[in-house]
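What follows is each chain in one-letter form.
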Amino acid sequence: MRVLAVIPAYNEEESIVPTMEEFLETDTGCDYVIINDGSSDATESICRQHGYNVISHPTNLGLTAGFQTGVKYALANDYDAVIQFDSDGQHVPSYIRPMAEKMERDGADIVIGSRFVKRKKSFSARMIGSRLITASIKLTTGKTITDPTSGMRLFNRAMMEEFARRFDFGPEPDSVAYLMRKGAKVSEVQVRMRDRTAGESYLNFAKSISYMARVVTSILIAQWVR
């Protein structure tokens, strides 16, 4: 199975090199493409200087467009699956191979790198929101996803084609829930994730609450009229 890591990057000049050094030193069994999403800092020039495989958007278009660009690149180059991989150092590349093996072994359409297959969630505000999303997915699909907000997701070719052709399809929990309702099989693999060491997350506390509310509303209401 040929796997491509799609690595969206927006203003990650401090983290892109250590992220890529670790990725390239790890036996992931996959290729990669960095999607520089209109960064206003030196992200693109750093990628060019290091000879990284990078595609740049002229302006910032957001995660959905960045991921879709990577998926279209993967389809054009005949990859069998894509994995969403963060450029900020939070994702650990050594888990990519086990996730790909899980996809082949289970015949899964989606494999999620989950922090909570074998561990319990805390009761922080963010984890309470994650519990609400898990409950919403359970209510609408009958299936349990332990870590619905994990950004480390592996999609097979059938799922890639869905993301490539639909403008309203982002790599988010509500899209995963929609695909599950349509018959997609989802598996999870226990992973470890790190805290961001450089740069700044776009999700502060207020935005995190808003994000959780939007996702739950989408799963319970909006996806039914998609």
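Residues numbered from 1 in each chain as written. Predicted model: local features only at pLDDT ≥ 70, side-chain atom pairs only at ≥ 80, totals over all residues. Heavy atoms only, no water.

**What about the nonpolar core?**
In this structure, Val71, Val82, Ile110 and Leu179 are the most contacted members of the largest nonpolar core, which totals 32 residues. At the level of elements, β1 (3-9), β2 (31-37), α3 (63-76), β5 (110-114), α5 (125-141), α6 (157-165), α7 (173-181) and α8 (205-220) are the ones that each hand at least two residues to this core. Sequence-distant contacts of Ile110, defined by excluding residues within four places in its chain, comprise Met103, Leu154, Phe155, Met159, Val176, Leu179, Ala184, Lys185, Val186 and Ser187. Listed in part, the 28 residues of the second largest apolar core include Val3, Ala9, Ile83 and Leu154. (Core = buried A, V, L, I, M, F, W, Y, C linked by side-chain atoms within 4.5 Å. Buried < 20%, exposed > 50% of the residue type's maximum accessible area, 1.4 Å probe, protein only. Helix = DSSP H or I, 4+ residues; strand = E, 2+ residues; numbered from the N terminus. Contact = heavy atoms within 4.5 Å.)

**Let's talk about the sheet that holds strand β4 (residues 81-84)**
Sheets are built from strands that pair by backbone hydrogen bonding, the pairs being arranged parallel or antiparallel. The strand order across the open sheet built from seven strands is β3-β2-β1-β4-β6-β5-β7, with neighbouring strands paired in mixed fashion. Every interior strand has two partners, whereas the edge strands, β3 (54-57) and β7 (186-190), have only one. The average angle at which neighbouring strand axes cross in this sheet is 20°, direction not considered. Pairing analysis gives five bridges linking β5 to β7, with the strands arranged parallel. (Pairing = 2+ DSSP bridges. Axes fitted to C-alpha atoms, helices over the stretch in contact; angles between N-to-C directions.)

**Points about the pattern of salt bridges**
Applying the stated criterion across every chain, the model contains eight salt bridges. Note that Arg97 and Asp27 form a salt bridge whose closest N and O atoms lie 2.8 Å from each other. Of this pair, Arg97 sits in helix α4 (residues 96-106) while Asp27 is found in the loop between α1 (16-25) and β2, placing the two residues 70 residues apart along the sequence. Judged by its relative accessible area of 33%, Arg97 falls in the partly exposed class. On the basis of relative accessibility, which here comes to 58%, the residue Asp27 falls in the exposed class. Ionic pairing is found between Arg165 and Glu162, a salt bridge with its closest N-O pair at 3.2 Å. Of this pair, Arg165 and Glu162 both sit in helix α6, three residues apart, which is roughly one turn of the helix. In the salt-bridge network here, residues are joined through shared partners; they are Asp78, Arg157 and Glu161. (Salt bridge = Lys/Arg side-chain N within 4 Å of Asp/Glu carboxyl O.)

**Remarks on α6**
Taken as a whole, α6 has its buried residues at Met159, Met160, Phe163 and Ala164. Viewed end-on, α6 has its buried residues packed into an arc of 140°, placing them on one side of the element. Against α3, β4, β5, β6 (153-156) and α7 lie the buried residues of α6. Structurally, the start of α6 carries an N-cap: the backbone nitrogen of Ala158 is 3.3 Å from a side-chain oxygen of Asn156. (Arc of directions from axis to C-beta. Polar contact = N/O pair within 3.5 Å; in protein donor to acceptor, adjacent residues only side chain to side chain.)

**Quick word on α4**
Among all positions of α4, only Ile96, Met99, Ala100 and Met103 are buried. The buried residues of α4 occupy one face: seen down the axis, they fall within an arc of 100°. Against β1, α1, β4, β5, β6 and β7 lie the buried residues of α4. Positive phi appears at Gly107, one or two residues downstream of α4, with a value of about 65°.

By themselves, these observations are geometric and do not establish any function.
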